[in-house]
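These are the residues of each chain, in order.
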Amino acid sequence: MKLGIEVEYWVVDSDGRLTSADAILDAHEYVVPEFVDSLVEIVLPPVATPAELEREFRGVLTAVLDAASAAGVRLVPLGTPLLEESPPIRSERGRILELIHGNRLRFAKNCAGTHVHFDQGDPIAQANLLTALDPALALVSTAPYYGGRRTSSSARAAAYRRGMGERFSRFRELRPYVRTRGERETRDRERFEAFVRLAVEAGVDPALVAEQFRSENVCHGPVRIRDDLGTVEWRAPDTALPSQVIRLAFDVARILEELSTKPLVVGDDVGVHPTAIVVPPFERLSELADEAIDEGLTPRVGTYLTAFGFDVPAYSPLVERFPRDAHLPEREARWLRLAFADALERDVAELGTRPAAAGRIGRPLRSRKTPVWGRS
């Protein structure tokens, strides 16, 4: 199985403030703009091994970080910018979404994630298994703050899935398992039709919606079957350090490969077994997923992930390095952005110098009372 990765990073200036990504968009062919001005996306080609992915990550990010240094900007690997910001929208799709969602789109504008594309085998079984692996997002949660307030272990997942309100949650939440490809296609079509109705209510020309959206990409939930790319896309994790993303992607790939010889069944004895892969009923899974988002690697979440073969102690999510304060002042948030920009640069430099996708990443950060940039 090959996999490809897309990772989003915030772009900040030397004071830790969000700024435009324009200066680094030409740094490498694998760099693409995101729908908001202060995000940049790294789109890596399909690879088969962690070592290959390390080489690709290091090559691309070294070029991007060099361009960023020359432009006086930094890249930040956090799921939210910690504060609630209003970066400008740069894409036509983004402008349509803002017309439809209105002010609620601010939650999506303040989220940065990792998307992993796996080669399609049995896409329905793969999508159902990735749905069951949703609690694995806790292994790489990076930001507990949204809008300067400590909200969840993965503040990005909480804001992205829940912040849009009940009217729009169907387009972003974790969805139940499906039994057949036809059932999945029907569900996607129904959600697309609902999206078009919302667009018409907002005064958007249906022809414009049809030009920019399709049934398979109108929903931005944690799992999508992408027939246009020949992949199954997993969108659950935060953006994170490359070493963390590599480990998680290939740990998940190894579990998906078990589907080539084992059926996927719903039951109570969850985990990878010699003759089957057992996933929990969706109601139980939803509880575990919420726990992983809100509380992180709790004993129950850790036990669940261990049953699927994850080496949970090998992970050290960035969220564990944050202060425990309930509120985060702006000056502190900007300092933390710069501190995690430092962590990204160290991680990139170390790629290829240690066993692939191995190792813990560092000690908790300590709060600083004085910002390092010298002015507020």
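Predicted, not measured: the structure shown is a model, and the values here were computed from it.

### Overview of the sheet that holds strand S11 (residues 271-272)
Then step 1. Spatial ordering of the open sheet is given by S10-S12-S11, a layout of three strands whose pairing is mixed. The two strands at the open ends of the sheet, each matched to only one other strand, are strand S10 (264-266) and S11.
Then step 2. Looking at chain direction, S11 and strand S12 (residues 277-279) are connected through two bridges and run antiparallel. Each residue of the ladder has a partner; that of Gly 271, found in S12, is Val 278.

### Considering the confidence of the model for the protein
Then step 1. The share of residues in the protein with pLDDT of 70 or more is 94%, and the mean pLDDT across the chain is 91.
Then step 2. Between residues 357-376, whose pLDDT stays under 50, and residues either more than four places distant or in other chains, the model counts 45 contacts.

### So, the nonpolar core
A general tendency of soluble globular proteins is for nonpolar side chains to be buried together.
Then step 1. Formed by 126 residues in total, the largest nonpolar core has its most connected members in Leu 3, Phe 57, Leu 75, Trp 234, Phe 308 and Phe 310.
Then step 2. In terms of residue count, helix H11 (residues 330-350) provides more of this core than any other element does, 10 residues in total.

### A word on the packing of aromatic side chains
Then step 1. Summed over all chains, the structure comprises seven aromatic pairs.
Then step 2. Seen in terms of ring centroids, Tyr 145 and Phe 322 are 6.0 Å apart; in terms of plane orientation they differ by 50 degrees. Their pairing is tilted. Residue Tyr 145 is found in strand S6 (residues 145-146), and its partner Phe 322 is found in the loop between helix H10 (299-307) and H11; the two are separated by 177 residues along the sequence. Both residues of the pair, Tyr 145 and Phe 322, belong to the buried class.
Then step 3. Measuring from centroid to centroid gives 5.1 Å for Tyr 304 and Phe 308, while their planes differ by 65 degrees, and the two rings are edge-to-face. For the pair Tyr 304 and Phe 308, one class covers both residues: buried.
Then step 4. Of the aromatic side chains, those joined through ring pairs into one cluster are Tyr 145, Phe 322 and Phe 340.
Then step 5. Above the plane of the ring of Tyr 160 lies Arg 172, whose end atom (NZ or CZ) is 4.5 Å from the centre.
Then step 6. Taking NZ or CZ as reference, Arg 247 lies 5.6 Å from the ring centre of Tyr 315, over its face.

### Let's talk about the packing of helix H2 (residues 92-101) against helix H6 (residues 181-201)
Then step 1. Running from N to C, H2 and H6 cross one another at 75 degrees; their axes reach a closest spacing of 8 Å. Here H6 runs roughly perpendicular to H2, going by the angle between their axes. Here Leu 97, Ile 100 and His 101 of H2 lie close against H6, whose contacting residues are Phe 195, Leu 198 and Ala 199.
Then step 2. Its residues assigned to classes, the contact of H2 with H6 shows five nonpolar, one polar and no charged.

### So, the side chain of Thr 239
Then step 1. If you trace the backbone, Thr 239 turns up in the loop between strand S9 (231-234) and helix H8 (242-257).
Then step 2. The exposure class of Thr 239 is buried, given its relative accessible area of 0%.
Then step 3. In contact with Thr 239, not counting residues within four places along its chain, are Val 7, Glu 8, Tyr 9, Pro 77, Leu 78, Gly 79, Ala 112, Gly 113, Thr 114, Val 140 and Thr 142.

Reading guide: rules and limits
Residues numbered from 1 in each chain as written. Predicted model: local features only at pLDDT ≥ 70, side-chain atom pairs only at ≥ 80, totals over all residues. Heavy atoms only, no water. Pairing = 2+ DSSP bridges. Helix = DSSP H or I, 4+ residues; strand = E, 2+ residues; numbered from the N terminus. pLDDT = per-residue confidence, 0-100. Contact = heavy atoms within 4.5 Å. Core = buried A, V, L, I, M, F, W, Y, C linked by side-chain atoms within 4.5 Å. Buried < 20%, exposed > 50% of the residue type's maximum accessible area, 1.4 Å probe, protein only. Phe/Tyr/Trp six-rings, centres within 6.5 Å; stacked < 30°, edge-to-face > 60°. Lys NZ or Arg CZ within 6 Å of the ring centre and 35° of its normal. Axes fitted to C-alpha atoms, helices over the stretch in contact; angles between N-to-C directions. Parallel < 35°, antiparallel > 145°, perpendicular 65-115°, else oblique. Nonpolar A, V, L, I, M, F, W, Y, C, P; charged D, E, K, R; others polar.

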